[in-house]
Amino acid sequence: MNMYAHAKKNMKKTFLLLTTMMMVVLTSCQETLEERCEREAKTFTEKNCPLRVAPGIAMDSMTFDKATHTIAYIYTLSGVVDDTAVINQSQPRERLLQEVKNSTNMKLYKDAGFSFRYTYFSTKEKGTKLFEATFRKSDYNQ
């Protein structure tokens, strides 16, 4: 094979590779922030949940509601913390709001004005909601 034919063959391979890469990049660039958030929440839940975050606290799932732009974190409490009085004693709303305000991981979603909901359920009394708080842009941008 002469040098010209070899160069032409390499150019075709390079062109094909670049075209494929561009298609991948363009396709991935078309994902909206909402689609990305929905995908990331689903992937996180599938790979990590249930996730023990502290003694007596397990994260069951993370979801995203496109209609309300709300990222929801669902937890189940057990043991000593599975008690409304214990929960309220620790001022969960204030603590969670500080976490949202200080979180750099949420920056992209905070900049887009998404809301964040935290819901805690009881293990003792299956299905009983012990605490819930939703933080909107007006809450965490103060």
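Scroll up a little and you will see the structure.
Residues numbered from 1 in each chain as written. Predicted model: local features only at pLDDT ≥ 70, side-chain atom pairs only at ≥ 80, totals over all residues. Heavy atoms only, no water.

1. What to know about the overall build of the protein chain
The following threshold applies: The way it works is that DSSP assigns letters per residue, a run of H or I at least four long becomes a helix, a run of E at least two long becomes a strand, and they are numbered from the N terminus. Classification of residues uses two cut-offs on accessible area relative to the type maximum, computed with a 1.4 Å probe and protein chains only: under 20% is buried, over 50% is exposed, and between them is partly exposed. Only heavy atoms enter the contact rule, under which two residues are in contact if any of them lie within 4.5 Å. Per-residue accessibility takes into account occlusion by the displayed protein chains alone, with areas from the Shrake-Rupley method and a 1.4 Å probe.
Within the protein chain, the regular secondary structure consists of 6 helices and 5 strands. Residues classed as buried in the protein chain amount to 29% of the 142 residues present. Of the contacts formed within the protein chain by residues at least 6 apart in sequence, a portion of 48% connects residues at least 24 apart. When the accessible surface of the protein chain is summed, it comes to about 9,900 Å², and 58% of that surface belongs to carbon and sulfur atoms.

2. Observations concerning the sheet that holds strand β5 (residues 129–135)
Note the following rule: In this description, strands pair whenever DSSP reports at least two bridges between them. Axes here mean lines fitted to C-alpha atoms, for a helix over just the part in contact, with angles spanning 0 to 180 degrees between N-to-C directions.
In space, the 5 strands of this open sheet follow the order β1-β2-β3-β4-β5, with mixed pairing throughout. The open sheet terminates on both sides in strands that have one partner only, identified here as β1 (51–54) and β5. Ignoring which end each strand starts from, the neighbouring axes of this sheet average 25° apart. Bridging between strand β3 (residues 70–77) and strand β4 (residues 115–122) involves 8 bridges; their strand directions are parallel. What sits directly across from Y75, in β4, is Y120. Of the strands in this sheet, β1, β2 (57–65) and β3 are in contact with helix α2 (residues 33–48), which crosses β2 at around 155°.

3. Here's the deal with the nonpolar core
Worth spelling out the cut-off: Residues belong to one nonpolar core when they are buried, are Ala, Val, Leu, Ile, Met, Phe, Trp, Tyr or Cys, and are joined through side-chain atoms within 4.5 Å.
Judged by nonpolar contacts, the single largest core of 25 residues is most densely connected at I71, Y73, F116 and Y118. Taken together, the elements giving at least two residues each to this core come down to α2, β2, β3, α4 (92–102), β4 and β5. With residues up to four places along the chain from it excluded, the contact list for F116 reads T70, I71, Y73, V100, M106, Y109, K110, A133, T134, F135 and Y140.

4. Things to note about unusual backbone geometry
In this structure, P50 follows C49 across a cis peptide bond, with omega equal to 0°. Its location among the elements puts P50 in the loop between α2 and β1. For H69, which is not a glycine, the phi torsion comes out positive at approximately 50°. Along the polypeptide, H69 turns up in the loop between β2 and β3. With phi around 50°, Q91 is a residue other than glycine that occupies positive phi space. With respect to the element layout, Q91 can be found in the loop between α3 (84–89) and α4.

5. What to know about α2
We count it as follows: Between the first and last residue of a helix there are one fewer steps than residues, each counted as 1.5 Å, and that sum is the expected span. The arc refers to the directions leading from the helix axis to the C-beta atoms.
In a regular helix each residue adds 1.5 Å, so 16 residues correspond to 22 Å; α2 covers 22 Å between its end C-alpha atoms and thus fits that length. Three or more residues of α2 are buried, namely C37, A41 and T45. Taken end-on, α2 shows its buried residues confined to a sector of 60°, consistent with a single buried face. Within α2, the exposed residues directed more than 90 degrees away from the buried face are K42, E46 and K47.

6. Examining the pairing of β2
In this sheet, β2 lies alongside β1 in antiparallel orientation, the contact comprising 3 bridges. By the bridge assignment, L51 is partnered in β2 with M59. With antiparallel pairing between neighbouring strands as the criterion, β1 and β2 make up a hairpin whose turn holds 2 residues, including G56 at a positive phi of roughly 85°. Between the antiparallel neighbours β2 and β3 lie 4 residues, among them H69 with a positive phi of about 50°.

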